[in-house]
Amino acid sequence: GDAPKKSLWQRIKDVATTDVGVILRGGVKDGSLEDLEEILLGADFGVPTTLALVDKIGGYAQKGFIRTEAEFQDALRRLVEAELREGNSDPALRMAAQGPTVILVIGVNGAGKTTFIGKLAAHFRKQGKRVLVGAADTFRAGAIDQLRLWAERTGADFVASKPGTDPAAVAFDAIDAGVTRGADVVIVDTAGRLHTSGGLMDEMKKVHRVIGKRMEGAPHETLLVLDGTIGQNAVQQAKQFSEAVPITGLVVTKLDSTAKGGVVVAVHEALDLPVKFIGVGEAADDLEAFDPAAFARELTE
Ligand code: GDP
């Protein structure tokens, strides 16, 4: 029973008769960009990205580049896309030259890790690849069962151990099994209880280190899964995780549940990490390889 969510562009249009309307008429004055700033902050772009966007829009307006609604929309779309393409932004996964590609998946409980791993397994299975999923979240018995279900559903191999087993040992075994069975991709789940807990961070470091010891160059990707509905907390979470392990890419989930897609731009900018996938639902095919142009277009439609 959710109220229809207003898109970013709809919100802008709602105030276009007032201050943003001034921008449309090319007359940027003191305060006339404040509405835009508020809307972007409200859409979870975060302070740095919002200020950068507002500054550029203001500049364009002053130079007379924004005289119509369409030009405003187009400028915003281009600017959002440019932000997403800035810096480290290649959405392609790094695959192993030889042997299985190892993908380590981290994130707090509830962010959508298990679901993402299921979707990713389905994605590779559709390409005819042999996939093995390793359940190194040995803290929650429920998590192991959920992951097993996804593995069965997608036709992926599954390696797990009893709850309470050393997660690094499970990760090691998963890669062992992946190598022996000729898997193309090994996806390793990790625990995600309280991200502030030092124990968890140490555990993750150990998993990462042991994977590297078992296979040179692995993990080829360390993907951090972030809940797209938690706003700027996602930026905080990402910073904390990035202090523990070298993250190579971001996954932002639940974007079907929010019209505040700005968080995707905010986390990319704050961490200088590429967004590699976005989650847009709970089903196996609700995973999208991230496309900055399509995302920017959707945000500004
Ligand atoms: P984990 O604890 O990080 O492993 O999280 P789960 O994968 O169990 O996901 C937590 C909840 O979020 C579940 O109810 C999922 O169905 C839901 N979920 C995960 N990804 C998405 C998504 O992209 N969209 C929506 N709407 N729900 C999602």
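Reading guide: rules and limits
Residues numbered from 1 in each chain as written. Predicted model: local features only at pLDDT ≥ 70, side-chain atom pairs only at ≥ 80, totals over all residues. Heavy atoms only, no water. Helix = DSSP H or I, 4+ residues; strand = E, 2+ residues; numbered from the N terminus. Buried < 20%, exposed > 50% of the residue type's maximum accessible area, 1.4 Å probe, protein only. Pairing = 2+ DSSP bridges. Right-handed = clockwise from strand over helix to strand, strands pointing away. pLDDT = per-residue confidence, 0-100. Near = heavy atom within 4 Å. Polar contact = N/O pair within 3.5 Å; in protein donor to acceptor, adjacent residues only side chain to side chain. Areas by Shrake-Rupley, 256 points an atom, 1.4 Å probe, with all protein chains shown as cover. Nonpolar A, V, L, I, M, F, W, Y, C, P; charged D, E, K, R; others polar. Axes fitted to C-alpha atoms, helices over the stretch in contact; angles between N-to-C directions. Contact = heavy atoms within 4.5 Å. Phe/Tyr/Trp six-rings, centres within 6.5 Å; stacked < 30°, edge-to-face > 60°. Lys NZ or Arg CZ within 6 Å of the ring centre and 35° of its normal. Expected span 1.5 Å × (residues − 1). Arc of directions from axis to C-beta.

**Things to note about unusual backbone geometry**
The omega torsion of the bond from alanine 218 to proline 219 falls at -10°, within 30 degrees of zero and hence cis. Structurally, proline 219 is set in the loop between α9 (198-214) and β5 (221-227). Non-glycine residue aspartate 44 carries a positive phi angle of around 70°. In this structure, aspartate 44 sits in the loop between α3 (34-42) and α4 (46-62). Note on aspartate 44: relative accessible area 12%, which makes it buried. A positive phi angle is found at lysine 254, which is not glycine, with a value near 65°. Along the chain, lysine 254 falls in the loop between β6 (249-253) and α11 (262-271).

**With respect to the pairing of strand β2 (residues 131-136)**
Among the six residues that make up β2, six are buried, leaving the element largely enclosed by the rest of the structure. Burial of the side chains of β2 extends over both faces: Val131, Val133 and Ala135 are buried on one face and Leu132, Gly134 and Ala136 on the other. As judged from the three bridges shared by β2 and strand β3 (residues 157-159), these two strands associate in the parallel manner. Within the sheet, the bridge partner assigned to leucine 132 lies in β3 and is aspartate 157. Handedness of the crossover joining β2 and β3 through helix α7 (residues 141-154) is recorded here as right-handed.

**Quick look at the confidence of the model for the protein chain**
Scored by pLDDT, the protein chain has a mean of 90; 91% of the residues are at 70 or more. This prediction of the complex comes with two scores: 0.94 for pTM and 0.99 for ipTM.

**Side note on the site of the ligand**
Every one of the 17 residues lining the ligand counts as a neighbour, but Gly110, Thr114, Thr115, Asp256 and Glu282 are closest to it. Within the backbone of lysine 113, one N or O atom sits 2.8 Å away from an oxygen atom of the ligand. Considering the ligand on its own, with 580 Å² of exposed area, one finds that the protein chains cover 78% of that surface. Looking at the shell around the ligand element by element, the count peaks at four residues for helix α6 (residues 113-126). A class-by-class count of the residues in the shell around the ligand yields three nonpolar, eight polar and six charged.

**A few points about the sheet that holds strand β7 (residues 275-279)**
By way of backbone hydrogen bonds, the strands of a sheet pair with one another, either parallel or antiparallel. Ordered in space as β3-β2-β4-β1-β5-β6-β7-β8, the eight strands form an open sheet in which the pairing is mixed. Whereas interior strands pair on both sides, the edge strands pair on one side only; in this sheet they are β3 and β8 (287-289). Adjacent strand axes in the sheet meet at a mean angle of 20° when their direction is disregarded. Pairing geometry for β5 and β6, over five bridges, is parallel. Bridging from a neighbouring strand, leucine 226 pairs with valine 252 of β6. Packed on one face of the sheet, helix α10 (residues 233-244) meets β1 (101-106) and β5 and runs near 155° to β5.

**Focus on the packing of aromatic side chains**
This model, assessed by the stated rule, comprises four aromatic pairs. Here the aromatic rings of tryptophan 9 and phenylalanine 72 are separated by 5.6 Å at their centres, their planes lie at 80°, and the arrangement is edge-to-face. With tryptophan 9 in helix α1 (residues 8-14) and phenylalanine 72 in helix α5 (residues 69-85), this pair connects stretches of sequence that are 63 residues apart. The exposure classification of tryptophan 9 matches that of phenylalanine 72, with both residues buried. Ring plane angle 55° and centroid distance 5.3 Å describe the contact between phenylalanine 290 and phenylalanine 295, whose orientation is recorded as tilted. The pair phenylalanine 290 / phenylalanine 295 is uniform in exposure class, with both members buried. The ring of tryptophan 150 is capped by arginine 153, whose NZ or CZ atom sits 4.4 Å from the centre of that ring. Lying across the ring of phenylalanine 172, arginine 214 places its NZ or CZ 5.8 Å from the centre.

**A word on α4**
Helix length check: α4 (17 residues) gives 24 Å between terminal C-alpha atoms against 24 Å at 1.5 Å per residue, within 8%. For α4, the set of buried residues is Gly46, Thr49, Thr50, Leu53, Val54, Ile57, Gly58 and Ala61. One side of α4 carries all its buried residues, which in axial view fall inside an arc of 160°. What points out from α4, more than 90 degrees from its buried face, is the exposed set Pro48, Asp55 and Gln62. Two residues or fewer after α4 comes glycine 64, characterised by a positive phi angle close to 80°.

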